[in-house]
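# Understanding the architecture of this molecule
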Amino acid sequence: MADDMSASVAAYEQTVRSTIAVAETLSPGEWERPTECPGWAVKDQLSHIVGVERGLLGESDPEHRLPDDLPYLRNAMGRAMEVAVDIRRSVPGPKVLDELRDALDRRLAALPSIDPDQDALLPNGRTGTYARLMVFRAFDCWTHEQDIRRAVGRPGNLDGPAAACALDILSGGLPYVVGKVAAAAPGQSVAFEVTGAVPFTRQVIVGDDRRARFADIAEPTVTLRMGWETYTRLACGRLPADAVDVTVSGDEDLAHRVLTAMPVTP
């Protein structure tokens, strides 16, 4: 099914406005609270969104050399994303929030003139449509909204419209998690049973060709049961497998390998 750009744009707008609403309640000290994104405080989350959205508007920040001692940067993409964050580290949180309001308004004004079918580079390094890019943008902004909410103790919007974009992208990576990263053997299968704000069930089996695919499985090798927020924190690499509440039924070794392999975001 083709991506519905109008739906993903609406989801993107809702989650960014929800993020803005939370940021408007922050005290001075809350802007600097650490989040589950390594190296990033609450303000840094907004700086990241601002940087991406300004980039999509065809703008860029000034040339900026990153410090050499940032151990949480693991790859070139991480370093590229860090520039918008690091360049705003001395900027007060409310001013970054003003930037976000401005970027959102200008993006919403520009999006109606963009062809949903035009080519766009996706965060996974592949080329897709602009409609698909907006699914990723809604997902990314929602993920960072949740980072902020957890850091400042203001839960909410777990089941917002952008959560459907998160489900689309994250669950699509489950065959890769099971077959490639966790290296499940041919014939082994994993059932993911997620409850809470966005409940879903997915089952993945590895075929004789060693390729993992979705399937209906009567008796999976292992079943992993967890809440929606736990699932997203695992899949987005926010917490290690041994720090979350997951109920395991079946092969304990395979369960451990799959849970350790869960992160699918860069």
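In what follows, the accompanying structure is described. (Residues numbered from 1 in each chain as written. Predicted model: local features only at pLDDT ≥ 70, side-chain atom pairs only at ≥ 80, totals over all residues. Heavy atoms only, no water.)

Moving on, we get to the overall build of the protein chain. Helix and strand counts for the protein chain stand at nine helices and seven strands. Relative to the globule expectation of 18 Å for 266 residues, the C-alpha radius of gyration of the protein chain, 19 Å, shows essentially globular dimensions. Once the C-alpha set of the protein chain is aligned to its principal axes, its extents read approximately 55 × 40 × 35 Å. Relative to its 266 residues, the protein chain shows a buried fraction of 47%. Across the protein chain, the fraction of contacts at a sequence separation of at least 24, relative to all contacts at a separation of at least 6, is 67%. Accessible surface, the protein chain as shown: approximately 12,700 Å² in total, 52% of it carbon and sulfur. A gap of 2 Å separates the mean positions of the 28 positive and 39 negative side-chain charges of the protein chain. (Helix = DSSP H or I, 4+ residues; strand = E, 2+ residues; numbered from the N terminus. Rg over C-alpha atoms; globule rule 2.2 N^0.38 Å. Buried < 20%, exposed > 50% of the residue type's maximum accessible area, 1.4 Å probe, protein only. Contact = heavy atoms within 4.5 Å. Areas by Shrake-Rupley, 256 points an atom, 1.4 Å probe, with all protein chains shown as cover. Lys, Arg positive; Asp, Glu negative; His and termini not counted. Charge placed at Lys NZ, Arg CZ, Asp CG, Glu CD.)

Our focus in this paragraph is the side chain of T223. Relative to the assigned elements, T223 resides in strand β6 (residues 222-227). Under the relative-accessibility criterion, T223 is labelled buried at 8%. For T223, the residues in contact, after removing those within four places along its chain, are A191, E193, T247, V248 and S249.

Not every positive phi belongs to a glycine, and N157 is a case in point at roughly 60 degrees. Position of N157 among the secondary structure elements: in the loop between α5 (130-152) and α6 (161-172). A relative accessible area of 16% means that N157 is categorised as buried. Positioned with a positive phi, R210 is a non-glycine residue whose angle comes to about 70 degrees.

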